[in-house]
Amino acid sequence: VENFPGVLEATGPGLVARMRRQAAAFNATMVSGAAVRVDVSRSPFTVTLDEAEAPLYARALVVATGADSRWLGVPGEHEYRGRGVSSCATCDGYLYRGKDVVVVGGGDSAAEEALLLARTSRSVTMIVRRGALRASRALATRVLEHPNIAV
């Protein structure tokens, strides 16, 4: 994790473990599950989890839906996840420090990942399907002008 304030050389799971330990030190209760119903019509808010016996109540609610990666479906992709194949430059970029890397895609997300990786990797090659970047003009300009990125 290279973009979290005050944290140097940490992995995503390592950072989560540290946050859990800190929360536990303040007697926070950790509950895992998928939210199947949320009622924000009155305070406290009510959150019902898929396998919980009772609903949870909160005065504040943070919705963090995450993102789904679009995998290519090529041979070896699944077998090498976490061993050279990644879908998160923010999470795994430190693993590629000083190495030549490839980013597949030409949209905003791919451009942001390439720019992040270019800060620490030796070089970044972007492979785009349509022969041109689909990223916003500002991101595309930054990518095309970056000396460590080839499209």
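It should be emphasised that the depicted structure is a prediction, and the values quoted were computed from it without experimental measurement.

Reading the values: the criteria
- Note on numbering: residues in each chain are counted from 1, in written sequence order.
- Reporting in this predicted model follows two pLDDT cut-offs: at least 70 for local features of residues, and 80 or more for side-chain atom pairs to be given and counted; totals over whole chains, interfaces and linings ignore these cut-offs and use all residues.
- Note that the side-chain values use all heavy atoms of the structure and ignore hydrogens as well as water.
- Only when DSSP finds a minimum of two bridges between them are two strands counted as paired.
- Put simply, DSSP H or I for four residues or longer makes a helix, DSSP E for two residues or longer makes a strand, and each gets a number counted from the N terminus.
- Contacts are residue-level and defined by heavy atoms, with any inter-residue pair within 4.5 Å sufficient.
- Structural elements are reduced to axes, namely lines fitted to C-alpha atoms, with helices fitted over the stretch in contact, and the angle between N-to-C directions of any two is expressed from 0 to 180 degrees.
- For each residue, the accessible area found with a 1.4 Å probe, counting protein chains only, is set against the maximum for its type, and the residue is called buried under 20%, exposed over 50%, and partly exposed in between.
- The directions considered for the arc are those from the helix axis to the C-beta atoms.
- Each pair of aromatic rings taken from Phe, Tyr and Trp, with Trp reduced to its six-membered ring, is defined by centres within 6.5 Å and is described as stacked if the planes are under 30 degrees apart, edge-to-face if over 60, and tilted in the remaining cases.
- Ring-over charges, as used throughout, are those where CZ of Arg or NZ of Lys falls within 6 Å of the ring centre and within 35 degrees of the ring normal.
- Here pLDDT means the predictor's own confidence in every residue, given as a number from 0 to 100.
- Disulfide: a pair of cysteine sulfur atoms within 2.5 Å of each other.
- Among buried residues, those of type Ala, Val, Leu, Ile, Met, Phe, Trp, Tyr and Cys that are joined through side-chain atoms within 4.5 Å constitute a nonpolar core.

J.: Just checking my understanding: could you explain the sheet that holds strand S5 (residues 123-127) for this structure?
T.: Through backbone hydrogen bonds, the strands of a sheet pair up, either in parallel or in antiparallel fashion. Taken in spatial order, the 3 strands make up an open sheet running S4-S5-S6, and their pairing is parallel. With partners counted over all chains shown, the strands left at the sheet margins are strand S4 (100-104) and strand S6 (149-150), one partner each. Where S4 lies against S5, 5 bridges are found, and the strand directions are parallel. Across the sheet, the residue bridging to Asp-100 is Ser-123, located in S5. Where helix H3 (residues 108-118) meets the sheet, it contacts S4, S5 and S6, and its direction lies at approximately 165 degrees from that of S5.

J.: For this particular structure, what's the right way to read unusual backbone geometry?
T.: For residues besides glycine, phi is generally negative; the peptide bonds are generally trans as well. Look at the link from Ser-43 to Pro-44: it is a cis peptide, with omega at 0 degrees. Structurally, Pro-44 is set in the loop between strand S1 (35-39) and strand S2 (45-49). The backbone of Asn-27 sits at a positive phi, close to 60 degrees, despite the residue not being glycine. Along the chain, Asn-27 falls in the loop between helix H1 (12-25) and S1.

J.: Mind showing me how you'd approach the sheet that holds S2 here?
T.: Strand order in the open sheet made by the 3 strands is S1-S2-S3, with antiparallel pairing throughout. Each edge of the sheet is formed by a strand with only one pairing partner; in this case those strands are S1 and strand S3 (56-58). Here the strands of the sheet are splayed against their neighbours by 20 degrees on average, with no regard to which way each runs. Inspection of the sheet shows S1 paired to S2 by 4 bridges, in the antiparallel sense.

J.: It is not clear to me how helix H4 (residues 137-145) should be interpreted in this structure. Could you clarify?
T.: Count 3.6 residues to each turn of an α-helix, and residues three or four apart come out pointing the same way. By the burial criterion, the buried members of H4 are Leu-139, Ala-140 and Val-143. Each buried residue of H4 lies within a common arc of 100 degrees when the element is viewed along its axis, so the set occupies one face. Counted as exposed and oriented over 90 degrees from the buried face of H4: Arg-137, Ala-138 and Glu-145. Contacts from the buried residues of H4 go to H3, S5 and S6.

J.: Would you explain the packing of aromatic side chains in this entry?
T.: We describe a pair of aromatic rings using the distance from one ring centre to the other and the angle between the two ring planes. One pass over the structure, following the stated rule, counts 0 aromatic pairs. The side chain of Arg-81 reaches across the aromatic face of Trp-71, ending 3.7 Å from its centre.

J.: Explain the confidence of the model for the chain here, please?
T.: The predicted coordinates of low-pLDDT regions are not to be read in fine detail. Across the chain, pLDDT averages 89, with 97% of residues at or above 70. By mean pLDDT, the top-scoring element of the chain is S6 (98), and the lowest-scoring one is helix H2 (residues 89-92) (86).

J.: Just to check I follow, could you spell out the state of the cysteines for this structure?
T.: Applying the stated criterion across every chain yields a total of 1 disulfide. Bridging Cys-88 to Cys-91, the disulfide has an S-S length of 2.3 Å. Note on the Cys-88 and Cys-91 pair: the S-S dihedral is about 65 degrees, so by sign convention the disulfide is right-handed. By relative accessible area, Cys-91 is classed as partly exposed at 33%.

J.: What is the right way to look at the nonpolar core in this model?
T.: As a rule of thumb, soluble globular proteins bury nonpolar side chains together. Counting residues in hydrophobic clusters, the biggest one holds 20 residues, and the most contacted among them are Val-103, Val-124, Met-126, Val-143 and Ile-149. Secondary structure elements with two or more residues in this core: S4, H3, S5 and H4. It is H3 that contributes the most residues to this core, 7 residues altogether. Leave out the neighbours within four places in its chain, and Val-143 touches Ala-111, Leu-115, Met-126, Leu-133, Ile-149 and Val-151.

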